[in-house]
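Observations on the three-dimensional arrangement
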Amino acid sequence: MAKKGAKLAAKAPIAKSQSDGVTDKKNRRKSNDPPVEAPIAETNEDEEWEDEDSEEDSDLEEEGGGVDFSKLEDINDSDSDSEINNSDSENEDNDEEEEEESEIDVDDLNLDDMDPEEKEELAATTRVRQTINNKDALLAALKRISLVPTDIKKAALVPFAYHMTLVTSKPTQEVIPSIDDDLERELAFLNAARESALKARNLLKKEGVPFTRPTDYFAETLRSDETMEAVKQKMIEAATAKKASAEARKQRDLKKFGKQVQVQKQQERAKEKRATLEKINELKKKRKDGGSASLGAREADDMFDVAVDNELGGGNKAGGKRGRSGGDHGPPNAKRQKKNEKYGFGGKKRFGKSGDAISSGDMSGFSAKRMKNGGGAGDGKKTTFSAMSAKAKGSKPRLGKDKRKGGAGRR
Amino acid sequence: MAAVYKSLAKTSSKADKMDIDEDSKSSGNGVRKNKQRVLILSSRGVTHRHRHLLNDLAAMLPHGRKDVKFDSKSNLYQLNELAELYNCNNVMFFEARKGKDLYMWFSKVPNGPTIKFHAQNLHTMEELHFQGNCLKGSRPILSFDATFETEPHLQVIKEVFTHMFGVPEGTRKSKPFVDHVMGFSVADGKIWIRNYEIREVAKTKGDDGDEEEEGATSKKSKKGGLDSKETDISLIEIGPRFVLTPIIIQEGAFGGPIIYENKRFISPNHVRAELRKSKASRHVARQEQTRDNLARKRKLGLENGEAFKDKSGLDTRELFA
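Conventions adopted
Residues numbered from 1 in each chain as written. Chains lettered and ligands numbered in written order. Predicted model: local features only at pLDDT ≥ 70, side-chain atom pairs only at ≥ 80, totals over all residues. Heavy atoms only, no water. Helix = DSSP H or I, 4+ residues; strand = E, 2+ residues; numbered from the N terminus. Buried < 20%, exposed > 50% of the residue type's maximum accessible area, 1.4 Å probe, protein only. Areas by Shrake-Rupley, 256 points an atom, 1.4 Å probe, with all protein chains shown as cover. pLDDT = per-residue confidence, 0-100. Contact = heavy atoms within 4.5 Å. Patch = residues over 30% accessible without salt bridge, like charges linked within 9 Å, V, L, I, M, F, W, Y side chains within 5 Å. Salt bridge = Lys/Arg side-chain N within 4 Å of Asp/Glu carboxyl O. Lys, Arg positive; Asp, Glu negative; His and termini not counted. Charge placed at Lys NZ, Arg CZ, Asp CG, Glu CD. Buried area = accessible area lost by both parts, 1.4 Å probe. Polar contact = N/O pair within 3.5 Å; in protein donor to acceptor, adjacent residues only side chain to side chain. Nonpolar A, V, L, I, M, F, W, Y, C, P; charged D, E, K, R; others polar. Pairing = 2+ DSSP bridges. Core = buried A, V, L, I, M, F, W, Y, C linked by side-chain atoms within 4.5 Å. Axes fitted to C-alpha atoms, helices over the stretch in contact; angles between N-to-C directions. Parallel < 35°, antiparallel > 145°, perpendicular 65-115°, else oblique. Left-handed = near helix turned anticlockwise from the far one by under 90°. Phe/Tyr/Trp six-rings, centres within 6.5 Å; stacked < 30°, edge-to-face > 60°. Lys NZ or Arg CZ within 6 Å of the ring centre and 35° of its normal.

Attention shifts here to the overall build of chain A. Along its length, chain A carries 20 helices and 2 strands. Buried positions account for 20% of the 411 residues belonging to chain A. Summed over its atoms, the accessible surface of chain A is roughly 30,600 Å², and 53% of this surface lies on carbon and sulfur atoms.

Written out as structure tokens, the structure reads:
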């Protein structure tokens with residue numbers, strides 16, 4: 001579609017019918033005139049028209065307009081020069097042109113009977129892209145618009161600040177290993193630009209053109225402050241995200257390491273335990289083999305345990321003892337004892353004071369001597385207290401069952 | 001006072017310049033005053049990205065004139081009149097097609113040439129999130145790849161780029177300092193355009209590779225009595241980014257014969273069609289298979305439930321009919 005439009009646009013100013021255009025093209029190709037001529041004549045017309053139109057522009061263009069015809073000849077001259085230089089390439093060009101012509105002819109033959117619309121459609125779909133590279137015309141166009149004269153001597157007089165254009169020393173294409181490698185490609189572009197920037201700075205400083213922006217020079221920037229703020233925010237976010245991820249990784253590693261430590265500790269503990277058990281077994285064996293065989297089983301065990309305790313350095317001495325001989329112990333303290341008595345502590349309370357077979361069989365408080373002395377019972381009958389006090393020197397009164405038991409427990 | 005001084009200075013300098021110009025004219029130097037104005041506009045049907053790119057470029061060019069969307073894709077020569085109306089001698093026209101493809105026309109009005117590009121990989125300043133920034137309207141350094149000098153069509157493109165993207169000296173609204181570079185590189189038959197901020201940083205003594213490079217330049221600057229030794233240049237990208245594939249060059253402004261055509265350019269329509277075709281081929285193959293199956297069945301007479309019959313004269317039915 002674009003092609004069509006371009007064609008139409010191309011034909012409109014020339015104001016020729018389609019077929020005419022084709023034949024015209026052919027004629028121009030066959031004749032030896034450079035193809036530049038027609039459009040240049042056209043441009044001359046334009047310029048003249050422009051001269052009439054605006055004074056300012058005419059000032060600018062005047063020299064161009066005035067010199068144009070001579071320029072034209074210049075172009076022709078240069079063309080001929082180049083032709084002499086590149087006679088081989090010129091031959092190739094001719095060949096190409098012939099090819100193009102033949103293609104055009106074939107197209108014409110085929111498409112003559114069709115509707116113009118159909119024709120265009122077909123042309124759009126089946127058109128083979130031709131190699132058009134009219135170097136002469138391109139160079140002429142370049143000469144027409146170039147700011148800096150193409151002559152090297154004259155170009156040297158133009159200050160750099162005038163155009164600010166630089167060409168790098170190396171083609172970037174060669175530097176880029178693969179066009180799909182984004183990083184390498186962008187780096188190549190950046191390096192090329194940097195080279196130019198360095199060169200340009202020197203050139204500009206030499207010409208006395210201000211280059212560096214002073215720090216106190218504030219002006220509107222290309223990108224607004226909000227945008228830059230957003231960019232900064234984004235960068236900060238990225239940085240914090242990076243930091244957080246690093247921290248998380250560190251934590252993870254630590255966790256992993258902590259686990260290792262824990263496992264190690266557990267292993268150590270297990271090892272210790274195993275070692276202790278082994279020691280115990282060994283000691284047991286020793287005991288069995290040694291003179292302890294004559295002792296009773298229970299007694300032997302007790303003895304053994306004490307020995308083990310000694311062996312282990314008395315670590316669990318107290319605990320071991322308590323576990324074994326709780327009943328044989330005396331009461332913990334007086335207060336506790338009292339409380340135990342008052343509120344009760346284990347065992348059966350009822351009939352605790354009543355006599356039974358044992359108590360009646362207990363003759364510990366009985367003395368035959370007192371019985372033989374006599375009067376003891378009478379005294380006792382009068383007042384227990386006085387009797388007790390009277391007989392305190394000689395003998396203790398017999399205590400009750402409960403007391404007696406308690407006394408026995410106290411040892 | 002300042003204003004008076006300024007105006008006086010201006011007139012005097014102008015007079016000087018005129019003298020110089022006349023001198024140059026008489027001496028045949030032929031350096032024209034660099035006066036460029038660029039009309040920047042798009043067709044209808046541009047996407048938001050195209051529009052943002054256009055805005056970015058318009059912001060970068062103080063000598064640009066942004067206009068409303070142009071409502072035609074076939075009569076582009078009308079743009080010449082439009083440019084004339086706005087006193088512009090360059091036109092940068094964004095032509096969007098199918099709401100996705102962007103073609104950029106760079107034209108020198110009124111005498112041409114016109115270059116048509118296909119723009120790809122567009123990334124606007126905003127979406128790129130680069131750190132770089134520069135003064136609005138400062139003059140860029142235009143850094144062209146060495147390849148631009150090798151071919152005539154690339155030379156033409158370079159010249160047109162210089163007119164379009166280079167801010168002429170003394171443009172209104174332009175800033176007096178140079179703080180960005182525009183890079184134009186040719187790779188893979190395409191032109192890659194980048195925009196970098198120049199940041200001058202205190203030079204570190206660690207990098208020896210640059211030191212040597214810098215050594216030569218600093219010597220030069222010493223001769224000039226300037227101190228560029230202390231600072232090094234680092235570039236930070238600003239954006240936008242885009243890639244242009246040249247398609248054609250016309251001799252006139254939106255008209256005239258085509259003087260260059262890129263054979264390597266493949267239309268995005270064609271690319272898409274190929275993609276579709278490759279997808280369609282599967283369907284076609286399946287269709288063919290079913291048709292073949294049907295044909296085979298018909299040939300065997302299985303279609304109507306009766307077997308294929310040989311109607312020769314020796315058939316029993318024929319004989320004893």
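Having put the structure on the table, let's press on.
Looking now at the confidence of the model for chain B. All names here are of chain B. Mean pLDDT for chain B: 83, with 79% of residues reaching 70 or above. Ignoring residues within four places in sequence, the model shows residues 14–28, a span with pLDDT below 50, making 4 contacts including any to other chains. Between residues 207–228, whose pLDDT stays under 50, and residues either more than four places distant or in other chains, the model counts 26 contacts. With a pTM of 0.56, the predicted complex shows an ipTM of 0.77.

A cluster of basic residues, Lys 335, Arg 336, Lys 339 and Lys 342 of chain A, forms a positive patch on the protein surface. Among the structural elements, Lys 339 of chain A can be located in helix H15 (residues 334–343).

It is worth spelling out the interface of chain B and chain A at this point. You'll often see interface size given as the accessible area lost when the parts meet. Each partner contributes residues to the interface: chain B has 102 residues there, and chain A has 89 residues. Approximately 8,700 Å² of surface area, both sides summed, lies buried where chain B meets chain A, with 59% of it carried by carbon and sulfur atoms. Between the two partners, chain B and chain A, sit 5 salt bridges. Across the salt bridge formed by Lys 136 of chain B and Glu 220 of chain A, the nearest N and O atoms sit 3.4 Å from each other. Taken together, the connections running from chain B to chain A amount to 32 residue pairs in polar contact (both at pLDDT 80 or more). By residue number, the principal contributor to the side of chain B that touches chain A is helix H5 (residues 152–165) of chain B, which donates 9 residues. Tallied by class, residues from the side of chain B that touches chain A come to 40 nonpolar, 29 polar and 33 charged. Where strand E1 (residues 132–133) of chain A and strand E11 (residues 258–261) of chain B come together, 2 bridges link them in antiparallel fashion.

Let us look at the pairing of strand E8 (residues 190–202) of chain B. The side chains of a regular strand alternate between both faces of the sheet. All names here are of chain B. In the sheet, strand E7 (residues 180–187) pairs with E8 via 8 bridges, with the strands oriented antiparallel. Considered in E8, the bridge of Gly 183 is made with Arg 194. Linkage of E7 to E8, two consecutive antiparallel strands, is achieved through a turn of 2 residues, within which Asp 188 is found at a positive phi near 60 degrees. Pairing between E8 and strand E10 (residues 241–250): 3 bridges, direction antiparallel. Each bridged residue has a counterpart across the sheet, and for Ile 193 the counterpart in E10 is Phe 242. Alignment of E8 against strand E9 (residues 231–237), held across 7 bridges, turns out to be antiparallel.

Turning our eyes to something else, we now look at unusual backbone geometry. Excluding glycine, residues mostly have negative phi values, and the peptide bonds linking residues are mostly trans. Residues and elements named next belong to chain B. The amide bond that connects Val 109 to the next residue, Pro 110, takes the cis arrangement and shows omega of 5 degrees. Here Pro 110 lies in the loop between strand E4 (101–108) and strand E5 (114–123). Note that the residue after Gly 112, namely Pro 113, is joined by a cis bond; omega there is 0 degrees. Among the secondary structure elements, Pro 113 is positioned in the loop between E4 and E5.

Below, the discussion takes up the nonpolar core. Residues and elements named next belong to chain B. Core analysis: the largest hydrophobic core is formed by 48 residues, its most contacted members being Met 92, Met 104, Phe 106, Phe 161, Phe 165 and Leu 244. The element contributing the most residues to this core is H5, with 7 residues. Look past the residues within four positions of Phe 106 in its chain and what remains in contact with it is Val 91, Met 92, Pro 113, Thr 114, Ile 115, Phe 117, Val 160, Phe 161, Met 164, Phe 165 and Leu 244.

What follows is about the packing of helix H7 (residues 135–145) of chain A against H5 of chain B. Taken N-terminus to C-terminus, the directions of H7 of chain A and H5 of chain B make an angle of 25 degrees; their axes are 8 Å apart at the nearest point. The angle between H7 of chain A and H5 of chain B places the two elements in the roughly parallel class. Classified by chirality, the crossing of H5 of chain B by H7 of chain A is left-handed. Across the interface between the two elements, Lys 135, Leu 138, Leu 139, Leu 142 and Ile 145 of chain A of H7 of chain A pack against Pro 152, His 153, Gln 155, Val 156, Glu 159, Val 160 and His 163 of chain B of H5 of chain B. Among the residues making up the contact of H7 of chain A with H5 of chain B, the classes are represented as 7 nonpolar, 3 polar and 2 charged.

Moving on, we get to the confidence of the model for chain A. All names here are of chain A. Here chain A shows a mean pLDDT of 67. Residues at 70 or above account for 50%. Below a pLDDT of 50 lies the segment residues 314–327, which in the model reaches 5 contacts outside its immediate sequence neighbourhood of four places, other chains included. In the model, residues 377–393 has pLDDT below 50 throughout and makes 7 contacts with residues more than four positions away in sequence or in other chains.

When charged atoms on two side chains of opposite charge get close, those side chains can pair. If you walk through the whole model with that rule in mind, you get 19 salt bridges over all chains. Taking the shortest distance from any N to any O, the salt bridge between Glu 186 of chain A and Arg 241 of chain B comes out at 3.3 Å. With one member in each of two chains, Glu 186 of chain A in helix H11 (residues 182–207) and Arg 241 of chain B in strand E10 form a pair that bridges those chains. Glu 186 of chain A gets classed as buried once you look at its relative accessible area, which sits at 12%. With a relative accessible area of 17%, Arg 241 of chain B lands in the buried category. One salt bridge in this structure joins Arg 199 of chain B and Glu 197 of chain B, with 3.2 Å as the shortest N-O distance. By relative accessible area, Glu 197 of chain B is classed as buried at 8%. Three or more residues are tied together by salt bridges with common partners; here these are Asp 182, Arg 185 and Glu 186 of chain A together with Arg 194, Glu 237 and Arg 241 of chain B.

All right, on to the packing of aromatic side chains then. Residues and elements named next belong to chain B. Throughout the structure, instances matching the rule amount to 13 aromatic pairs over all chains. For the ring pair Phe 106 and Phe 165, a centre distance of 6.0 Å and an interplane angle of 50 degrees mean the geometry is tilted. Highlighted residues: Phe 106 in strand E4 and Phe 165 in helix H5, separated in sequence by 59 residues. Here Phe 106 and Phe 165 have matching classes, each one buried. Clustering of aromatic rings is evident, with ring pairs tying together Phe 106, Phe 117, Phe 144, Phe 148, Phe 161, Phe 165 and Phe 184. Stacked on the ring of Tyr 103, the Lys or Arg Lys 116 has its end atom at 4.7 Å from the ring centre. When the ring centre of Phe 144 is taken as origin, the NZ or CZ atom of Lys 158, which lies over that ring, is 5.7 Å away.

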